[in-house]
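Here is what each chain is made of, one letter per residue.
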Amino acid sequence: MGTRRTAPLAAGSLVGACLVIAAALLPTRAPSVDFSDCVTLDVSVSTEKGDLVEEMAERYNDEQRVIGDRCAHVETDKLTSGTASEELATGWDEQATGAPKPDVWLPSSSLWAQLLEHRTGEDLVSGEEKSVTTSPLVIAMPEKMARALGWPEVDLGWSDLRDLANNPDWGERGHPEWGRFAMGKDNPYHSTSGLAATIATYYAATRDRGGFSEHAVSRDAEVQAFVRQVESSVAHYATDSVVFLGNAYTEDQKGSDKPYISAMITQEQMTYLYNAGAPTGDPADLNTQPPPNDPLVAIHPADGTVMIDHPYLVLAGTSGHTREVAADFRDYLLAEEQQAAFVEHGFRDSEGRTSEKVATSVGTTAQRSVDSIDLPSAKLVKTMLDRWRTYRLRADVLLVLDESASMKETSDPRATESVSKLELLESAVQRGLDLLDNDDRVALWTFSTGPDYTRRMPMSPVGEVRDELSHVVRDDLRGTGNTALYNTTHAAHEMMRENLDPGRVNAIVLLTDGHDTVRGGVSRDELLDSIDAEHLDTSVRIFTIAYGRDADVEALEAIATRSKAAAYEARDPSDIDQVFVSALSNF
């Protein structure tokens, strides 16, 4: 990682070689092969290309390919790159991930492999130089906002984001109706776009100060100020950019004069999918929905960007026939038909080339090459991540937890040892709190009926109440009464709105295992109208968790969607640790 990353070109030369080899050694079906006993290759794929690679794997399997004397079968599972890296570092948990430990890993960036091996001190993967597709990191902006900043005549970049954060009022640029500049960014611990954006921000901050170095990243006051200023415009963090893009598309379809978000740091590919009416990244949605009224343009930062290289990594321990199938599936992904499919869905091919159609959609040219920055060492990236925790926007988070009678029910009736959903929730809350810094603030409400809700703890710095809050969850929740879901959510939202701090992320994490049971209270429609977040910079987002199989998933998804947040599910209560951590990762 200390040398210049040229994966797209390196992979491009590899494509030709692979195609020649594949033509000579193309697997064929042998009559004597037992197709009921194939070698299964388990592949973990990053979320933004997961559906597409799954389609490719299905076509691969339909060909009934034979490698040596065994047939081959590929199974794929989607997981964010950061989460997969964490699982590989700590010991793969099939229950938490919902997937077997992979033989092959297709993260969005080789950065995750470098961080994984730096963390463990072991050589765990091979193939970092083998890209199957590429996509540059871009600043995606609504076209009318980009034009207000001088695009395309003016080259924009990270320094412009810093300036907008320092002077966020669009009225200064002739558009007071747009309110404040609000940016969406992914959490760099979970998302490749978030990680690459953090690195690129540091690059822009250090390039006139000697470049990447431990001193510049850790101790240079001007560099620290630059990074902190860029982060200050973030509305909230997400584990996946499709959260922002999905919400932006929904608001765009309402015909609002004000864009939902001013900028989103994402891959060029996701910008194309948004403009093609598929903001969640599902290939099946491509060109099936209306295009946005105000499309996004992909700004390639003038002061440096990262080429997301999408490597094909074979994990240590993958051997024998499985490794042979891994090599064959890699060659299959590099073949012309699959490379064309990647480009059709907004990626660039393994050599960094795109099509006129994609280029026109995102506001660039097919001939435009991306001169990606020299990436720092894994050690220095780890330092950047540690510093990001210091600079990121602080949060005010209200935890609203169900303590109705059903929460005392056993989490698994088949288990030999009875553990209630309330008991499982204790460790989940503790793990979630560990993600927050001491100067984030947290409050706790619980709800059932009689009364509808109880204010257990006022908004307080996490460092002062971490132990106390865990104690309350462990010892004080009643597990009685019914579920005043709508009344409580309405009251919680009103409280947060009345105390909204525009300099912080303002959010609610709402967990319930049931349906609203209150008669004559706030109706569902009244609740949804009251929490409707038209504008990111003035709203309180409600992140919902459906806990157990009896939770009202539909209502919770509606609450999260209307408040422009995200909905999570722990249908199996044993998953609550992982789900609660995912929800708290937004802050």
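Every residue gets a number counted from 1 within its own chain, in the order that chain's sequence is written. Whole-chain, interface and lining totals are the exception, using all residues; otherwise, since this is a predicted model, local features are given only for residues with pLDDT of at least 70 and side-chain atom pairs are given and counted only at 80 or more. Derived side-chain values reflect all non-hydrogen atoms in the structure, with water molecules and hydrogen atoms excluded from consideration.

1. Some remarks on the overall build of the chain
- Helix numbers and strand numbers start at the N terminus; a helix is a DSSP run of H or I with at least 4 residues, a strand a run of E with at least 2. A count of helical and extended segments in the chain gives 22 helices and 18 strands.
- The C-alpha radius of gyration of the chain comes to 24 Å, within 12% of the 25 Å expected for a compact globule of 587 residues.
- By principal-axis analysis of the C-alpha atoms, the chain measures approximately 75 × 65 × 50 Å.
- Residues counted as buried form 58% of the 587 residues belonging to the chain.
- Per-residue accessibility takes into account occlusion by the displayed protein chains alone, with areas from the Shrake-Rupley method and a 1.4 Å probe. Accessible area of the chain: about 22800 Å², with a carbon and sulfur share of 45%.
- For the chain, the centre of its 54 positive side-chain charges and the centre of its 96 negative side-chain charges are spaced 4 Å apart. For the radius of gyration, the atom set is restricted to C-alpha positions; the globular benchmark scales as 2.2 Å times the number of residues to the power 0.38. Exposure is judged per residue with a 1.4 Å probe applied to protein chains only, and the accessible area is read against the type maximum: over 50% gives exposed, under 20% gives buried, and values in between give partly exposed. Only four residue types enter the tally: Lys and Arg on the positive side, Asp and Glu on the negative side; His and the chain ends are excluded. Charged side chains are reduced to one point each, which is NZ for Lys, CZ for Arg, CG for Asp and CD for Glu.

2. Observations regarding the sheet that holds strand 4 (residues 104-106)
- Paired strands, in this sense, are two strands between which DSSP finds at least two bridges. Across the sheet, six strands lie side by side as 2-3-1-4-12-5; this open sheet has mixed pairing. The two strands at the open ends of the sheet, each matched to only one other strand, are strand 2 (66-67) and strand 5 (125-126).
- Across two bridges, the pairing between strand 4 and strand 12 (residues 313-315) is antiparallel. Its bridge partner being in strand 12, V104 is matched across the sheet by V314.
- By the convention used here, residues are in contact when the closest approach between their heavy atoms is within 4.5 Å. Fitting a line to C-alpha atoms yields each axis, with helices limited to the stretch in contact; the angle taken between N-to-C directions then spans 0 to 180 degrees. Along the sheet, helix 2 (residues 47-62) contacts strand 1 (39-45), strand 2, strand 3 (70-78) and strand 4; its crossing angle with strand 3, the most-contacted strand, is approximately 160°.
- Helix 3 (residues 81-90) contacts strand 1, strand 4 and strand 12 of the sheet and is inclined by roughly 150° relative to strand 4.

3. Comments concerning the state of the cysteines
- Two cysteine sulfur atoms make up a disulfide if the distance between them is within 2.5 Å. Counted under the stated rule, the structure contains one disulfide.
- Disulfide pairing places C38 opposite C71 at an S-S distance of 2.0 Å. Since a negative S-S torsion denotes a left-handed disulfide, the C38-C71 link at about -105° is left-handed. Within this pair, whereas C38 is found in the loop between helix 1 (7-24) and strand 1, its partner C71 is found in strand 3, the two being separated by 33 residues in sequence.
- You can call C71 buried: its relative accessible area is 1%.

4. Some thoughts on helix 11 (residues 242-253)
- To estimate how far a helix should extend, the number of its residues minus one is multiplied by 1.5 Å. Compared with an ideal rise of 1.5 Å per residue, which puts twelve residues at 16 Å, helix 11 spans 16 Å between its outermost C-alpha atoms and is within 8% of the ideal.
- Across the twelve residues of helix 11, nine count as buried, placing the element largely inside the fold.
- Among all positions in helix 11, only V243, F244, L245, G246, N247, A248, Y249, E251 and D252 are buried.
- Summarising the contacts, the buried residues of helix 11 are in contact with strand 7 (183-186), strand 8 (234-238), strand 9 (263-267), helix 12 (268-275), strand 10 (296-299) and helix 21 (553-562).
- Just downstream of helix 11, G255 is the residue with a positive phi angle, here 80°.

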